[in-house]
Amino acid sequence: MGNPADDSLKDTTNDLHAAPRYTEEALGSSSRPSEAPPDYHAAVASSAPGPGPGPGPSRLSTPYRPFPPVMHARYQWRLTGTFHLCGEDDPDERLYAVATHSGLKGDFPRVVLHNGPSDKDPFLAAACEERRVGLVDRYALGSTIQLRPLAGGDPDGELVKEVMRARTVGESGMGYAFSIEVDHGGKLVREDFEWRKSKKGSNELLKDGGFKLLRLSSRRYQESSRSSTASSSSHDATTEDGYEVVAIFKWNKTLTNMMHPFELRFVGPALSGSLGERWAVMAVITGLRLWWLHVGGRANRKTAAIGEGGGLPDVYMSG
């Protein structure tokens, strides 16, 4: 799938804060023929900002505006490889563009998060397979996450590679684990996290299923560390095994939500932004990777178990 030319977004690249809204005019704009998807470095080069008054946040690794505490995916009515993340307060305001690319190889970004409401805005993060994949290599456990250099570094330097890896958990669970820098009083410290799959109906919020993002370095969530803003989400504060929950990724599977397939919600300390912008970008791009794996029928325990067992099941090997 290629990225469409969206005439309604042409004026937004120079003013990211004037994010466009979904309108009949925007929905009716035409699309251009499909293009070959770029590799990571081509994606970064094509989204490099032009001359400007100064090194604004879009030139570095930080979002041009803070991620809202709740974000909804919003598909477009026309055939396109780009959708948007919108906030809860104004569901028609496009905050971040997400460009997607399909294909048989794994050495190009499947999902690209742009630092603005257009797929012409600067690259912020991307995700693809950890290694090249072929026609039936759908059991690879790893996902490669590419981020811009840390704030304060060279914005044109080498992209930072992180890995998210699927694994089975216990007798029936599964998750996707990764590490990322977290803000500790102005100092960045790497911590481990895991998107743990939740069963449908495990609570009211996850009635259609989804994932909880666990902070693995905090086995027990202490009352003294709770912020006042986290009280409204106290039912999501910890898992049964005592891990702190910092984000929720849930599916919307009702007919009324066909154009809003998922929701990403920050909870606990993530509501106050205390985990830092680096963590927030990683949480969003890994959440988008979950969506991609889910669409491909891969975000499940069976696929992870086959991958842990060495790859393809016997039925495929014999063919």
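Note that the coordinates shown come from a computational prediction; the quantities given were computed from them, not determined experimentally.

Rules and cut-offs
- Residues numbered from 1 in each chain as written.
- Predicted model: local features only at pLDDT ≥ 70, side-chain atom pairs only at ≥ 80, totals over all residues.
- Heavy atoms only, no water.
- Buried < 20%, exposed > 50% of the residue type's maximum accessible area, 1.4 Å probe, protein only.
- Helix = DSSP H or I, 4+ residues; strand = E, 2+ residues; numbered from the N terminus.
- Pairing = 2+ DSSP bridges.
- Phe/Tyr/Trp six-rings, centres within 6.5 Å; stacked < 30°, edge-to-face > 60°.

Caption draft 1: Here's a closer look at the pairing of strand β3 (residues 94-100). Within β3, seven of the seven residues are buried, which leaves the element mostly enclosed by the surrounding structure. Of the pairings in the sheet, the one linking strand β2 (residues 82-87) to β3 comprises five bridges and is antiparallel in character. Looking at β3, one finds that His84 is bridged to Ala97. The turn joining β2 and β3, which pair antiparallel and follow one another in sequence, is formed by six residues. When β3 meets strand β4 (residues 111-114), the two strands line up antiparallel, connected through three bridges.

Caption draft 2: Looking closely at the side chain of Ser198. On the secondary structure map, Ser198 appears in strand β9 (residues 187-198). Ser198 sits in the buried class, given a relative accessible area of 13%.

Caption draft 3: Spatial organisation of the packing of aromatic side chains. Scanning the model with the defined rule gives 14 aromatic pairs in all. On the numbers, 4.8 Å between centres and 40° between planes, the contact of Phe67 with Tyr96 is tilted. With a gap of 29 residues between them, Phe67 in the loop between α2 (40-46) and β1 (70-74) and Tyr96 in strand β3 connect regions that are remote in the sequence. As far as burial versus exposure is concerned, Phe67 and Tyr96 are alike and both buried. Ring pairs connect the aromatic residues Tyr75, Phe83, Trp195, Phe249, Trp251, Phe262, Trp291 and Trp292, which therefore count as one cluster.

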